[in-house]
Amino acid sequence: MRVLLIGPPASGKGTQGRRIAAHFDVPYLSSGELLRSQVAAGTPLGHRVADDLAAGDLVPDEVMLEALREPLHEAMSSGGYVLDGFPRNVAQARELETFAAKIGGAPEIAVWFDVEDAELLKRTRSRALAEGRVDDVDKVARHRIDVYAAATAPLVDHYRAQGLLIRVDAAKPVDAVTGAVLAALEPFAKLA
Ligand code: ATP
Ligand code: MG
């Protein structure tokens with residue numbers, strides 16, 4: 001199973017993505033976590049992206065692809081992926097299509113986590129307190145929501161046009177969202 005997760009910041013992609021991956025036994029890959037771990041480890045790539053992460057801006061497409069290439073290749077060759085946070089704009093979606101075509105790993109489904117802004121800000125506020133992510137403080141979180149609207153939301157139409165889109169109401173409680181996503185994905189699960 002090859003699944004993309006699309007949604008604004010704090011729409012629950014990480015929480016649900018891990019559950020989806022565990023349920024269908026495919027690797028979970030988060031572009032944001034990948035970058036944050038590079039920053040934490042102080043790698044050259046980490047140094048290049050630290051400012052963008054802190055500001056809530058997207059990192060340059062080519063840097064994102066560089067970070068993701070190997071783990072994604074590995075996931076694609078191991079039967080599938082739940083990909084959280086990539087692609088995040090139409091250019092990245094085209095990159096993914098090119099990359100996937102070479103190894104037969106094109107996405108089969110794009111799950112769109114639909115939540116309104118007021119709820120997102122509530123969540124980033126509590127996450128800022130609980131996890132201390134610098135990009136969850138209000139001003140940066142608002143900016144990330146704007147970046148989502150400008151750069152990422154067009155992917156909803158992109159994948160709808162390809163017939164790959166599934167919308168979930170991600171404002172519901174965590175377990176209810178999980179139930180809805182798993183039910184929607186069940187028909188796509190490959191028989192082992
Ligand atoms: P969740 O819905 O799981 O809470 P999130 O949207 O809050 O996720 P991440 O996906 O972890 O947050 O992204 C954090 C930051 O990482 C982004 O603001 C951006 O700077 C960078 N980033 C992540 N993915 C990409 C990408 N595909 N292209 C460019 N930058 C990215
Ligand atoms: Mg996340």
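The rules behind each value
- Residues numbered from 1 in each chain as written.
- Chains lettered and ligands numbered in written order.
- Predicted model: local features only at pLDDT ≥ 70, side-chain atom pairs only at ≥ 80, totals over all residues.
- Heavy atoms only, no water.
- Axes fitted to C-alpha atoms, helices over the stretch in contact; angles between N-to-C directions.
- Helix = DSSP H or I, 4+ residues; strand = E, 2+ residues; numbered from the N terminus.
- Left-handed = near helix turned anticlockwise from the far one by under 90°.
- Contact = heavy atoms within 4.5 Å.
- Nonpolar A, V, L, I, M, F, W, Y, C, P; charged D, E, K, R; others polar.
- Buried < 20%, exposed > 50% of the residue type's maximum accessible area, 1.4 Å probe, protein only.
- Core = buried A, V, L, I, M, F, W, Y, C linked by side-chain atoms within 4.5 Å.
- Pairing = 2+ DSSP bridges.
- Near = heavy atom within 4 Å.
- Polar contact = N/O pair within 3.5 Å; in protein donor to acceptor, adjacent residues only side chain to side chain.
- Areas by Shrake-Rupley, 256 points an atom, 1.4 Å probe, with all protein chains shown as cover.

1. Description of the packing of helix 4 (residues 61–77) against helix 5 (residues 90–103)
Phase 1 of the analysis: As a packed pair, helix 4 and helix 5 sit with axes 11 Å apart at the nearest point and diverge in direction by 35°. In this structure, helix 4 crosses over helix 5, and the sense of that crossing is right-handed. Of the residues in helix 5, those touching helix 4 at Asp-61, Met-64, Leu-65, Arg-69, Leu-72, His-73 and Met-76 are Ala-91, Gln-92, Glu-95, Leu-96, Phe-99, Ala-100 and Ile-103.
Phase 2 of the analysis: Tallied by class, the residues present in the contact of helix 4 with helix 5 amount to nine nonpolar, two polar and three charged.

2. Some remarks on the environment of Leu-72
Phase 1 of the analysis: Tracing the backbone shows Leu-72 in helix 4.
Phase 2 of the analysis: Overall, Leu-72 belongs to the buried group, its relative accessible area being 2%.
Phase 3 of the analysis: The sequence separation of Leu-72 and Phe-99 amounts to 27 residues, and the corresponding C-alpha distance is 9.5 Å.

3. So, the side chain of Arg-144
Phase 1 of the analysis: Looking at the secondary structure, you find Arg-144 in helix 7 (residues 138–152).
Phase 2 of the analysis: When its relative accessible area of 9% is taken as the criterion, Arg-144 is described as buried.
Phase 3 of the analysis: Ignoring any residue separated from it by four or fewer positions in sequence, one finds Arg-144 in contact with Pro-9, Gly-56, Arg-127, Arg-133, Asp-135 and Asp-136.

4. Some remarks on the nonpolar core
Phase 1 of the analysis: Core analysis: the largest hydrophobic core is formed by 31 residues, its most contacted members being Leu-35, Leu-72, Leu-83, Leu-96 and Tyr-159.
Phase 2 of the analysis: Per-element tally for this core: the top contributor is helix 4, with eight residues.
Phase 3 of the analysis: Leu-72 has contacts with Leu-29, Tyr-81, Leu-83, Leu-96 and Phe-99, leaving out every residue within four places of it along the chain.

5. A word on the sheet that holds strand 1 (residues 2–6)
Phase 1 of the analysis: Sheet architecture is open: five strands sit in the order 2-3-1-4-5, paired in parallel fashion. Only two strands of the sheet have a single partner each, and these edge strands are strand 2 (28–30) and strand 5 (165–169). Across the sheet, the mean angle from the axis of one strand to that of its neighbour is 20°, orientation sign disregarded.
Phase 2 of the analysis: In this structure, strand 1 lies alongside strand 4 (residues 109–114), joined through four bridges in parallel fashion.

6. Examining the site of ligand 1
Phase 1 of the analysis: Surveying the vicinity of ligand 1 reveals 25 residues, the closest of which are Lys-13, Ser-31, Asp-57, Arg-127 and Arg-144.
Phase 2 of the analysis: In this structure, a nitrogen atom belonging to ligand 1 sits 2.9 Å away from a main-chain N or O atom of Gly-85.
Phase 3 of the analysis: Side-chain polar atom of Arg-133 to an oxygen atom of ligand 1: 3.2 Å apart, as the coordinates give it.
Phase 4 of the analysis: Protein chains shield 97% of the accessible area of ligand 1, which is 650 Å² for the free molecule.
Phase 5 of the analysis: Of all the secondary-structure elements, those providing two or more residues to the shell around ligand 1 are helix 1 (13–24) and helix 2 (31–41).
Phase 6 of the analysis: No other element matches the four residues that helix 2 contributes to the shell around ligand 1.
Phase 7 of the analysis: Taken together, the residues of the shell around ligand 1 sort by class into nine nonpolar, seven polar and nine charged.

7. Thoughts on unusual backbone geometry
Phase 1 of the analysis: Here Phe-86 and Pro-87 are connected by a cis peptide whose omega angle stands at -5°.
Phase 2 of the analysis: Following the sequence through the fold, Pro-87 ends up in the loop between strand 3 (81–84) and helix 5.
Phase 3 of the analysis: We note that Ala-10 has phi near 70°; this positive angle belongs to a residue other than glycine.
Phase 4 of the analysis: Position of Ala-10 among the secondary structure elements: in the loop between strand 1 and helix 1.
Phase 5 of the analysis: Note on Ala-10: relative accessible area 11%, which makes it buried.
Phase 6 of the analysis: The phi dihedral of Asp-25 falls on the positive side, at around 55°, and the residue is not glycine.
Phase 7 of the analysis: The topology assignment puts Asp-25 in the loop between helix 1 and strand 2.

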